[in-house]
Amino acid sequence: MDDARSAIRDSIAQWLEDKGHGGLAAEASVDIPTEGGHGDLTSSVCLRAAKSLKTAPQALARELAEFLGSHVPMVAAAEAAGPGFLNFTLQTPWLAQVVNDIRVQGPAYGRSDTGQGQRVLIEFVSANPTGPLVIVSGRAAAVGDSLARIMNASGYRADREFYVNNAGNQVMKLGQAMFLRILELRGQAIGDWPEGVYPGEYVVDVARQYLQAHPEFAAEAGGEALFWELGQFGAESFRKVHEAVLAAFGVTFEHWTYEKDLRDQQAPEQVVARLEALGFVREADGAKWFLSEQLGDDKDRVLVKSDGAYTYFVPDAAYHAQKFERGYDWVIDLLGPDHHGYIGRMRALVTALGFPADHLEIMIIQLVRLVRDGQVVRMSKRGGQFVTLEQLIDEVGVDPARFFFLERAPNTPMDFDLGLAELKSSDNPVFYIQYATARIHSVLRQWREGVHADLVWEPALLSQPLERRVLFALARYPDIVRRAAMDRAPQYLPKYLTELAQAFHAFYRQHRILDEAPAITMARIALCEATLSVLSLGLGLLGISVPEQM
RNA sequence: GUCCCCGUAGCUCAGUGGAUAGAGCGCGGGACUUCUAAUCCCGGCGUCGCAGGUUCAAAUCCUGCCGGGGACACCA
């Protein structure tokens, strides 16, 4: 498909140059049309170039169509259409070569060097280690992980990173909650639960773990040092749980970076000192302010409070400076919707430190509502009631959960239909796709059990319309992956895979594979293998399994 | 009040400045002595929130307005 696009593009450019308009070559784009009826490929070059060439678009299109129809080998037909579009129909046997490409390239099919080896750091989830992972973390995990897979397939070198907030106030609060739970576990009455201390039942488990690890624990009074120690223990305990749940979800991180380590390395002090040296800090009202407004932020931000403590922004600023210093060309953060006020100041920081601000990309992962039978399933953090990622995985399974999260653009709030995700039928899109792989495996098993002459498959035999539909879908795959990487849009893949599976099911229903003439069988087996290969690659980029039978 | 995201079919949502705006669900009809019917086929005029603007061309870009959600601490 790429070959055809560039061949047509080159021919158009050549034609323009022959006409003395080589400068218009940049307008010679060739696209895959959104819907059928407009050929396999389309170009709007005539509409774009008409003005410069002082010719009506339709006339231009007719002239070009005639030229291209006879000058581009894989084009079966080129025609002018509508207000001046060029539509191309590719020769089916040429299209069928994609089956060979897929076989020869194996796992490399669809890979590209779009990213040119640039290094990318994708930070996501980074949930506070003070409680279980909630549903929206699952969405971030699915998107971040899949984006990393897609970018790695597209010539980037992407790493996944989890930032552990284990040095802030919330750790202290966790420690305080653990302390109270420990007292409870010992049968001590603690009266009313204090305001602002995590009430969640889940803290009890961590408190119990601490007692097991420290049977000698005897403190009867609280205090910051004790809360801190308990909090550290609890935070690491929750972090390990997060790591395990995410691993079960198919998501692993190359790096875990701890806020506490950054603090121990004096990273916050250093970043404040650097900003001061660069002249981006002023003092007012006893506090130190980052002059971010002049760098595009809404207003200046406090770095050091009048009591001498850092704001939350400082360790985070230090962390982001460090990301670029570690040699990453692109830094991508997946953040919750409550963080979007953060974008301005982070951009300002990156600019102040001399890094390219547009290489910090912040994706907002919007909230998830659980819905069943049209009713919203309540999830409330207040009162310690959670619907956790772990519960969701138990409920619907990894594959549907990942698919449903990846199906939608990440920056729009989504409804997660529990009933649909649990359905083991074609109504459930992930089963629909997996059913295609199971069907193909089944056919291939039976084929291998048979005895056949050693035939070479013949591309010309894949000429039926429904075969062609599959071929065309297969040929589109590399373009889908490349665009998903460039647009940071994993959601292109679920949609594409649904279309490919649909094309295959339609073909399968209409045509026999195994008991046809040997040459036909051979060609269709090749088509099945190629389809299985692309479905597997695509599902792999989503982190979804490829069942051999269902 | 300022800023950000969203507004597309009954519902949930895709949609890359291009042509007659698509998919899944739901609903109705049809197709199984055949490789998995867990499937396939047929059925879609919807003020792309509204109004302007830019463009040969706008759901898409710009401006304003309306509606929904969120963010706007010397909290983290």
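What counts as what
Residues numbered from 1 in each chain as written. Chains lettered and ligands numbered in written order. Predicted model: local features only at pLDDT ≥ 70, side-chain atom pairs only at ≥ 80, totals over all residues. Heavy atoms only, no water. Helix = DSSP H or I, 4+ residues; strand = E, 2+ residues; numbered from the N terminus. Buried < 20%, exposed > 50% of the residue type's maximum accessible area, 1.4 Å probe, protein only. Contact = heavy atoms within 4.5 Å. Pairing = 2+ DSSP bridges. Axes fitted to C-alpha atoms, helices over the stretch in contact; angles between N-to-C directions. pLDDT = per-residue confidence, 0-100. 1 Å grid on protein atoms, 1.4 Å probe; cavity = no way out; pocket = protein on both sides within 12 Å on 5 of 7 lines; lining within 4 Å. Points joined across faces, edges and corners; volume = space filled by probe spheres on them. Nonpolar A, V, L, I, M, F, W, Y, C, P; charged D, E, K, R; others polar. Phe/Tyr/Trp six-rings, centres within 6.5 Å; stacked < 30°, edge-to-face > 60°. Lys NZ or Arg CZ within 6 Å of the ring centre and 35° of its normal. Polar contact = N/O pair within 3.5 Å; in protein donor to acceptor, adjacent residues only side chain to side chain. Parallel < 35°, antiparallel > 145°, perpendicular 65-115°, else oblique. Left-handed = near helix turned anticlockwise from the far one by under 90°.

Just give me the short version of the environment of R345, but keep the residues and values in it.
Residue position: R345 is located in helix 12 (residues 343–352). Of the residues examined, R345 reaches a relative accessible area of 17% and is grouped as buried. Here the alpha-carbon distance between R345 and A158, two residues 187 residues apart in the chain, equals 25 Å. If sequence neighbours within four positions are ignored, R345 has contacts with F290, D297, R301 and F313.

Give me the lowdown on the sheet that holds strand 2 (residues 75–81), citing residues and values where you can.
Here three strands make up an open sheet; going across it, the order is 1-3-2 and the pairing antiparallel. Taken across any chain shown, the strands that pair with only one partner, and hence form the sheet edges, are strand 1 (41–43) and strand 2. The mean angle between the axes of side-by-side strands here comes to 20°, regardless of whether they run parallel or antiparallel.

I'd like to hear about the confidence of the model for chain A, residue by residue, with values.
Put simply, chain A has an average pLDDT of 90, and 97% of its residues get 70 or more. Note that pLDDT drops below 50 for residues 380–385; the model gives that stretch six contacts with residues more than four away or on any other chain. Reported confidences for the modelled complex are a pTM of 0.94 and an ipTM of 0.93.

Pulling in residues and values, what's your account of the layout of surface pockets?
Of the voids in this model, the second largest pocket is the one considered here, and its volume is about 790 Å³. Along the wall of the second largest pocket there are 24 residues; nearest its centre are P33, T34, F472, R476 and E499. At the level of secondary structure, the elements contributing two or more residues to the lining of the second largest pocket comprise helix 17 (465–486) and helix 18 (492–510). A per-class count over the lining of the second largest pocket returns nine nonpolar, four polar and 11 charged.

Can you break down the packing of aromatic side chains residue by residue, with the values?
Summed over the entire model, instances satisfying the criterion amount to 19 aromatic pairs. Taking 5.9 Å as the distance between ring centres and 20° as the angle between the ring planes, the aromatic pair formed by Y109 and Y477 counts as stacked. In this pair, Y109 is assigned in the loop between helix 4 (92–105) and strand 4 (119–123) and Y477 in helix 17, connecting sequence segments 368 residues apart. Take Y109 and Y477: they sit in the same class, and that class is buried. Summarising the aromatic geometry, the rings of F324 and F355 are spaced 4.9 Å apart at their centres and angled 15° between planes, so their arrangement reads as stacked. Here the residue F324 occupies a position in helix 11 (residues 313–325), and F355 occupies one in the loop between helix 12 and strand 11 (360–364), the gap between them amounting to 31 residues. Among the aromatic residues, ring-to-ring pairing joins F124, F162, F253 and W256 into one connected group. The side chain of R119 reaches across the aromatic face of Y328, ending 4.3 Å from its centre.

Residues and numbers for the side chain of T92, please.
Tracing the chain through its elements places T92 in helix 4. With relative accessibility at 19%, the residue T92 sits in the buried group. One polar contact links T92 to R468, side chain to side chain, over a distance of 2.9 Å. Beyond its immediate chain neighbours, meaning those up to four positions away, T92 contacts L462, S463, R468 and L471.

Run through the packing of helix 17 against helix 19 (residues 518–542), naming residues and quoting values.
Where helix 17 meets helix 19, the axes come as close as 11 Å, and the angle between the chain directions of the two elements is 30°. For the element pair helix 17 / helix 19, the angle class is roughly parallel. By crossing handedness, the relation of helix 17 to helix 19 is classed as left-handed. Two secondary-structure elements touch here, helix 17 through E467, V470, L471, L474, Y477 and V481 and helix 19 through R524, L527, A530, T531, V534, L537, G538 and L541. Split into classes, the residues belonging to the contact of helix 17 with helix 19 amount to 10 nonpolar, two polar and two charged.

If you had to explain unusual backbone geometry to someone new, which residues and values would you point to?
Backbone geometry at Q116 places phi at a positive 50°, although glycine is not the residue there. In the Ramachandran plot, Q266 falls in the positive-phi region, its phi being about 65° despite a non-glycine side chain. Here Q266 is to be found in the loop between helix 9 (259–264) and helix 10 (267–277). Look at Q266 and you get partly exposed, because its relative accessible area is 40%.

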